[in-house]
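Structural features, examined
Letter by letter, the chains look like this.
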Amino acid sequence: MPRWSPDAALVLEEAAMALFAEHGYAETTVPQIAERAGLTTRTFFRHFSEKREVVFLRDRELPTAVRTILDALPAGLGSSQLVEQGLSRAAVELEQWHAPISRRDAIIQTDEHLRERELLKLDHLAAAIEQGLVAREVPAAEAHVTSKVAALAFDLALRRWLDSEGSSLQDELDRAWSALRQV
């Protein structure tokens, strides 16, 4: 069996997603995932408490990614400009991942607990944005509100992007910002 590594994590993620797509999330077991990935069940549980953690594997990178994006933006921008430009940069990166994100989302939509966890991810996104804004010396209350609105805009854009054909994530993000400005 291969030793655990970032490459093994990607193999494990791919194996799990393939099995979830083939057999359904609820019907797929940890031993099946481990076997498909070429790992032991024991190795699986050494790194994940449950199979749900595999679906959200990449969420571990979220706070660092948000902070890196916000830190790279020029000085002097207001909080709204920071989040709009930051999410636009993230959208460019995510564009190439439409198929895997769509597959992941389809799996999440089949299970109530996965949907709940996905909502928690939005809260984590907002918290990461808030921390990044505070680090850029945005007042705490403004950073809090801006981060919640930004997470909402991003979720709205992502939903529309996944449900549409031919639209870009950036286009949907622009539409979401426009819709929120009208409220």
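Residues numbered from 1 in each chain as written. Predicted model: local features only at pLDDT ≥ 70, side-chain atom pairs only at ≥ 80, totals over all residues. Heavy atoms only, no water.

Describing the overall build of the chain
Within the chain one finds ten helices and zero strands. In the chain, the succession of helices and strands from N to C terminus is α-α-α-α-α-α-α-α-α-α. Principal-axis analysis of the C-alpha atoms gives the chain an extent of 50 × 35 × 25 Å. Expressed as a percentage of contacts within the chain between residues at least 6 apart in sequence, the contacts between residues at least 24 apart total 60%. With an accessible surface of roughly 10,200 Å², the chain has 54% of that area assigned to carbon and sulfur atoms. When the 21 basic and 29 acidic side-chain charges of the chain are each reduced to a single mean position, those positions are 4 Å apart. (Helix = DSSP H or I, 4+ residues; strand = E, 2+ residues; numbered from the N terminus. Contact = heavy atoms within 4.5 Å. Areas by Shrake-Rupley, 256 points an atom, 1.4 Å probe, with all protein chains shown as cover. Lys, Arg positive; Asp, Glu negative; His and termini not counted. Charge placed at Lys NZ, Arg CZ, Asp CG, Glu CD.)

Section: unusual backbone geometry
In this structure, E137 is a non-glycine residue whose phi angle is positive, near 70 degrees. Within the secondary structure layout, E137 lies in the loop between α8 (112-135) and α9 (140-163).

Observations regarding the UniProt feature "DNA-binding region" (unreviewed entry) in the chain
Summarizing the sequence annotation, UniProt attributes the feature "DNA-binding region" (unreviewed entry) to residues 29-48 in the numbering used throughout. Counting secondary structure, residues 29-48 comes out at 75% helix and 0% strand; the distance between its end C-alpha atoms is 13 Å. (UniProt positions renumbered as here; feature names shortened; annotations may be inferred.)

Thoughts on the packing of α8 against α9
It is at 8 Å that the axes of α8 and α9 come closest, and there the two elements cross at 140 degrees. The angle between α8 and α9 falls in the class oblique. In this structure, α8 crosses over α9, and the sense of that crossing is right-handed. Contact residues: L122, D123, L125, A126, I129, E130, L133 and V134 in α8; A140, A143, H144, T146, S147, K148, A150, A151, F154 and D155 in α9. (Axes fitted to C-alpha atoms, helices over the stretch in contact; angles between N-to-C directions. Parallel < 35°, antiparallel > 145°, perpendicular 65-115°, else oblique. Left-handed = near helix turned anticlockwise from the far one by under 90°.)

A few points about the pattern of salt bridges
Throughout the structure, instances matching the rule amount to 14 salt bridges. Taking the shortest distance from any N to any O, the salt bridge between E22 and R36 comes out at 3.0 Å. Within this pair, whereas E22 is found in helix α1 (residues 6-23), its partner R36 is found in helix α2 (residues 30-37), the two being separated by 14 residues in sequence. Classification of E22 as partly exposed rests on a relative accessible area of 49%. Across the pair K148 and D123 runs a salt bridge, and its minimum N-O distance is 2.9 Å. In this pair, K148 sits in helix α9 while D123 sits in helix α8, placing the two residues 25 residues apart along the sequence. Judged by its relative accessible area of 37%, D123 is partly exposed. Here the residues in one salt-bridge network are D59, R104, E118 and K121, joined through shared partners. (Salt bridge = Lys/Arg side-chain N within 4 Å of Asp/Glu carboxyl O. Buried < 20%, exposed > 50% of the residue type's maximum accessible area, 1.4 Å probe, protein only.)

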